[in-house]
Amino acid sequence: MVTPLATVGMLVDGQPRTLLLKLESRGEHGSVKGRTARALWADVADRVTPEVGLIESTSGNLGVALAAVAASHRVPFTAVMDVRSSAVLVEAVRAHGADVVMIDEPDGAGGYLLSRLSYVEQRLLAEPRLVWPDQYRNPASPRVHRETTAPELWEQTSRRAMSVVVAVSTGGTLAGFRDFARSARPDWELAAVDVVGSAALGGAGSERILPGIGASRPSEFLPHGHRPTLRVPASNAVHACLWLEATTGLGVGASSGAAIAAAMRLFRAVPARETVACLCPDGANRYQGTVYDPRWRGRQALTGPGPCEGVEVLEVSCPPTGMEVRNR
């Protein structure tokens, strides 16, 4: 399924710019992880037994997609999630008949990933026939984005020269875009975006509040990091989400907000940079209890100048079925 591309014409500090948003919320299972889930299943299907099934660590989106895939093949699935996971996503996983194990022990690196993985390893020792697709190391993850997501964007943009921004968690999507760029050689500046406090692309992990972006350890797919990488504070990601909804009606998730905040930084850094494309992994519907909830935002005490201040939206275009607009 080819996901739609929204085009936002704007003035950034008075200069004309074009922001392109590839809306993966309109894809299979509501996020870019629908692609990953399909690829992971294809890789492990011949090892899965209907009595034992699958287990995977997930912050949410992959859990929903894998739960749907497992249900379609009538095999059990256990999603190992944590207390920072969206309640909307936890319920979506359960709605597909999957079991959810909730981890509440912080991992000492700013999140719960290492604790989730420790639980998975314990289960595998106790149940050797249990299959772990391992989204953190399985080469099927970057491969599906090299073969589908990245070339789709290239064709949708008529192979134009531009900057492309991809947020990182496991690093699989970014690694797929990197591999595509190395092989097809599009005229792209491929930039990674991570959240402050994440160790996904190097450095030490510290406390983070946004699900779906960043990690407590370096990406197995990008052990040497990525250049350029832009690190965005959580407050900037949230501001970008709220700004986009208010000015265009488009609702995107936290990692998309981080990508848009990074795009604004890129626009301002180089006067000749006219077009930036952002991969938007999911939509606003999965962040009703966090990013789009003023009570949550108040508890997080998010402060600082917004990255989209001084930006004027001139026009928005999007395929009719591709625009996710929240009720306002």
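What counts as what
- Residues numbered from 1 in each chain as written.
- Predicted model: local features only at pLDDT ≥ 70, side-chain atom pairs only at ≥ 80, totals over all residues.
- Heavy atoms only, no water.
- Helix = DSSP H or I, 4+ residues; strand = E, 2+ residues; numbered from the N terminus.
- Rg over C-alpha atoms; globule rule 2.2 N^0.38 Å.
- Buried < 20%, exposed > 50% of the residue type's maximum accessible area, 1.4 Å probe, protein only.
- Contact = heavy atoms within 4.5 Å.
- Expected span 1.5 Å × (residues − 1).
- Salt bridge = Lys/Arg side-chain N within 4 Å of Asp/Glu carboxyl O.
- Pairing = 2+ DSSP bridges.
- Axes fitted to C-alpha atoms, helices over the stretch in contact; angles between N-to-C directions.
- Right-handed = clockwise from strand over helix to strand, strands pointing away.
- Polar contact = N/O pair within 3.5 Å; in protein donor to acceptor, adjacent residues only side chain to side chain.
- Domains from an automatic or database assignment.
- Buried area = accessible area lost by both parts, 1.4 Å probe.
- Nonpolar A, V, L, I, M, F, W, Y, C, P; charged D, E, K, R; others polar.

A. Focus on the overall build of the chain. The secondary structure content of the chain amounts to nine helices and 10 strands. Its C-alpha atoms give the chain a radius of gyration of 19 Å, near enough to 20 Å, the size a compact globule of 328 residues would have. For the chain, the spread of C-alpha atoms along the three principal axes comes to 60 × 45 × 40 Å. Within the chain, the proportion of its 328 residues that are buried is 59%. Taking contacts inside the chain between residues at least 6 apart in sequence as the whole, the part at least 24 apart equals 72%.

B. Spatial organisation of helix α7 (residues 234-248). Taking 1.5 Å per residue, 15 residues should reach 21 Å; α7 reaches 21 Å between its end C-alpha atoms and fits that length. With 11 of 15 residues buried, α7 lies mostly within the body of the structure. Of all the positions in α7, only Ala 234, Ser 235, Asn 236, Ala 237, Val 238, Ala 240, Cys 241, Trp 243, Leu 244, Glu 245 and Thr 248 are classed as buried. Of the residues flanking the end of α7, it is Gly 249, one or two places downstream, whose phi is positive at about 80°.

C. Expanded view of unusual backbone geometry. That bond from Arg 227 to Pro 228 is cis: its omega, -5°, falls within 30 degrees of zero. Mapped onto the elements, Pro 228 comes out in the loop between β7 (188-195) and β8 (229-232). Here Arg 74, not a glycine, exhibits a phi torsion of approximately 60°, which is positive. Its location among the elements puts Arg 74 in the loop between α2 (61-72) and β4 (77-82). Of the residues examined, Arg 74 reaches a relative accessible area of 75% and is grouped as exposed. With phi around 50°, Ala 301 is a residue other than glycine that occupies positive phi space. Mapped onto the elements, Ala 301 comes out in the loop between α9 (294-300) and β10 (311-317).

D. Structural detail: the pattern of salt bridges. Scanning the model with the defined rule gives 15 salt bridges in all. One salt bridge in this structure joins Arg 94 and Glu 91, with 3.3 Å as the shortest N-O distance. Linking Arg 94 with Glu 91, this pair stays in helix α3 (residues 87-95), spanning three residues, or about one helical turn. In this structure, Glu 127 engages Arg 123 in a salt bridge whose closest nitrogen and oxygen atoms are separated by 2.6 Å. Note on Arg 123: relative accessible area 19%, which makes it buried. In this structure, a network of salt bridges that share partners links the residues Lys 22, Glu 24, Arg 35 and Glu 152.

E. Expanded view of the sheet that holds β7. One open sheet holds the seven strands; their spatial order is β8-β7-β6-β9-β2-β1-β10, and the pairing between them is mixed. With partners counted over all chains shown, the strands left at the sheet margins are β8 and β10, one partner each. Each adjacent strand pair in this sheet contributes to an overall mean axis angle of 25°, direction not counted. In this sheet, strand β9 (residues 275-280) lies alongside strand β2 (residues 15-23) in parallel orientation, the contact comprising six bridges. Note that in β9 the partner of Lys 22 across the bridge is Leu 279.

F. Local environment of the pairing of strand β6 (residues 162-167). Burial within β6 is extensive, with six of its six residues counted as buried. Where burial is concerned, the two faces of β6 agree: the one with Met 162, Val 164 and Val 166 and the one with Ser 163, Val 165 and Ala 167 are both buried. With six bridges connecting them, β6 and β7 associate as parallel partners. Its bridge partner lying in β7, Ala 167 is registered against Val 193. Crossover connection from β6 via helix α6 (residues 172-184) to parallel β7: handedness right-handed. Where β6 lies against β9, three bridges are found, and the strand directions are parallel. Bridge pairing in β9 links Val 164 to Ala 277.

G. View of the side chain of His 226. Position of His 226 relative to the elements: it lies in the loop between β7 and β8. Taking relative accessible area as the criterion, His 226 reaches 14% and is therefore assigned buried. At 2.9 Å, the side chain of His 226 and the backbone oxygen of Leu 190 are in polar contact. His 226 has contacts with Leu 174, Leu 190, Ala 191, Ala 192 and Leu 201, leaving out every residue within four places of it along the chain.

H. Summary view of the domain arrangement of the chain. Its domain assignment divides the chain into domain 1 (5-31 + 139-317) and domain 2 (45-126). The interface of domain 1 with domain 2 comprises 17 residues on the first partner and 18 residues on the second. With both sides pooled, the region where domain 1 packs onto domain 2 buries about 1300 Å², and carbon together with sulfur makes up 55% of that total. Between domain 1 and domain 2 we count zero salt bridges in total. Where domain 1 touches domain 2, the interface holds seven residue pairs in polar contact (both at pLDDT 80 or more). Considering only residue class, the side of domain 1 that touches domain 2 consists of five nonpolar, seven polar and five charged.

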